[in-house]
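A structural walkthrough
The lines below spell out each chain.
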Amino acid sequence: EAGAKRLRFSPDSQFLAVGRFTDEAPAVVVFDLRSGDLNPLPLTPAEHGDFTSLGFSDDGRLLAAAGPRQIDVFELPRGSRRLRIVIEYNPDRDGPQRFTFSGDRLEAWFYTHRQVYHLRTGKLLAQEALPPRQPGISWSIRRPDVRQDIVIRNDEVVFHRAGSQDILRRHR
């Protein structure tokens, strides 16, 4: 079915990345909201499958696009592929749900675990299981200026240190 599947704004609001499906294949298109330029990124369905997540680095210069089997990292504004990471271990069968960029590392957050990759080599540096998720609807909001993740569930709001499960505070 054609249409937008994922949307993500860069932290500086210059770019809007859209993971979409056409009649032939999934694709990622990046809109430069300042110049009006449109930049399709090089993905094919055999490479990517369904989209699970898009994520920008804090400076908006890198974009990660993921499916169940791989992560592609692109440099903006050119849109050239910087890195392709093949996901070798994924018990969830879904791809990452969000990303955290930190220096030369890319953290891929899955439902049940987190994987850390080197941004130049794509090498898997670390992997850890995450605590079981609580039932209910969850939303995550990342605020780079505050360096914390905010998770909103049915009955509470939890503030985590950015890129970790360390709880800073909780409101019910």
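Going by the structure above, here's the rest.
Before going into details, it helps to say that this report is about the structure given with it. (Residues numbered from 1 in each chain as written. Predicted model: local features only at pLDDT ≥ 70, side-chain atom pairs only at ≥ 80, totals over all residues. Heavy atoms only, no water.)

As for its placement among the helices and strands, Arg114 is situated in strand 11 (residues 113-118). A polar side-chain atom of Arg114 sits 3.1 Å from a polar atom in the side chain of Glu107. At a separation of 2.7 Å, a polar atom in the side chain of Arg114 contacts the side chain of Glu128. Beyond its immediate stretch of four places on either side in the chain, Arg114 contacts Glu107, Ala108, Trp109, Ala126, Gln127, Glu128 and Leu130. (Helix = DSSP H or I, 4+ residues; strand = E, 2+ residues; numbered from the N terminus. Polar contact = N/O pair within 3.5 Å; in protein donor to acceptor, adjacent residues only side chain to side chain. Contact = heavy atoms within 4.5 Å.)

A word on the pattern of salt bridges. In this structure the tally under the stated criterion is eight salt bridges. A salt bridge links Arg78 to Glu75; the nearest nitrogen and oxygen atoms lie 2.9 Å apart. Residue classification places Arg78 among the exposed residues on the basis of a relative accessible area of 60%. According to the relative accessible area criterion, Glu75 is partly exposed, its value standing at 25%. When the shortest N-O distance is used, the salt bridge between Arg114 and Glu128 registers 2.7 Å. Placement of the pair is Arg114 in strand 11 and Glu128 in strand 12 (residues 124-129), with a sequence separation of 14 residues. Judged by relative accessible area, Glu128 falls into the partly exposed class, the value being 35%. Overlapping salt bridges bring together Asp72, Arg81 and Arg84 as one network. (Salt bridge = Lys/Arg side-chain N within 4 Å of Asp/Glu carboxyl O. Buried < 20%, exposed > 50% of the residue type's maximum accessible area, 1.4 Å probe, protein only.)

With antiparallel pairing, the four strands of this open sheet are ordered in space as 9-10-11-12. Looking at which strands have only one partner, the edges of the open sheet turn out to be strand 9 (98-102) and strand 12. This sheet shows a mean twist of 15° between the axes of neighbouring strands, independent of strand direction. (Pairing = 2+ DSSP bridges. Axes fitted to C-alpha atoms, helices over the stretch in contact; angles between N-to-C directions.)

Bringing the environment of Asp32 into the picture now. Note on placement: Asp32 falls in strand 3 (residues 26-32). C-alpha separation for the pair Asp32 and Pro77, spaced 45 residues apart in sequence, amounts to 7.9 Å. Setting aside residues no more than four positions away along its own chain, Asp32 makes contact with Gln14, Phe15 and Asp37. A distance of 3.2 Å separates a polar atom in the side chain of Asp32 from the backbone nitrogen of Ser35.

As a further point, take the sheet that holds strand 8 (residues 80-86). Across the sheet, which stays open at both edges, the four strands sit in the order 5-6-7-8 with antiparallel pairing between neighbours. Both edges of this open sheet fall to strand 5 (53-56) and strand 8, since each of them pairs with a single strand only. When the angles between neighbouring strand axes are averaged without regard to direction, this sheet yields 15°. Here strand 5 runs beside strand 6 (residues 62-66); their pairing, made up of four bridges, is antiparallel. By the bridge assignment for strand 6, Ser53 is matched with Ala66.

As a further point, take the packing of aromatic side chains. As enumerated under the stated definition, the model contains zero aromatic pairs in all. The ring of Trp109 carries Arg98 above its face, with NZ or CZ at 4.4 Å from the centroid. In this structure, Arg114 packs its charged tip against the face of Trp109, placed 5.5 Å from the ring centre. (Phe/Tyr/Trp six-rings, centres within 6.5 Å; stacked < 30°, edge-to-face > 60°. Lys NZ or Arg CZ within 6 Å of the ring centre and 35° of its normal.)

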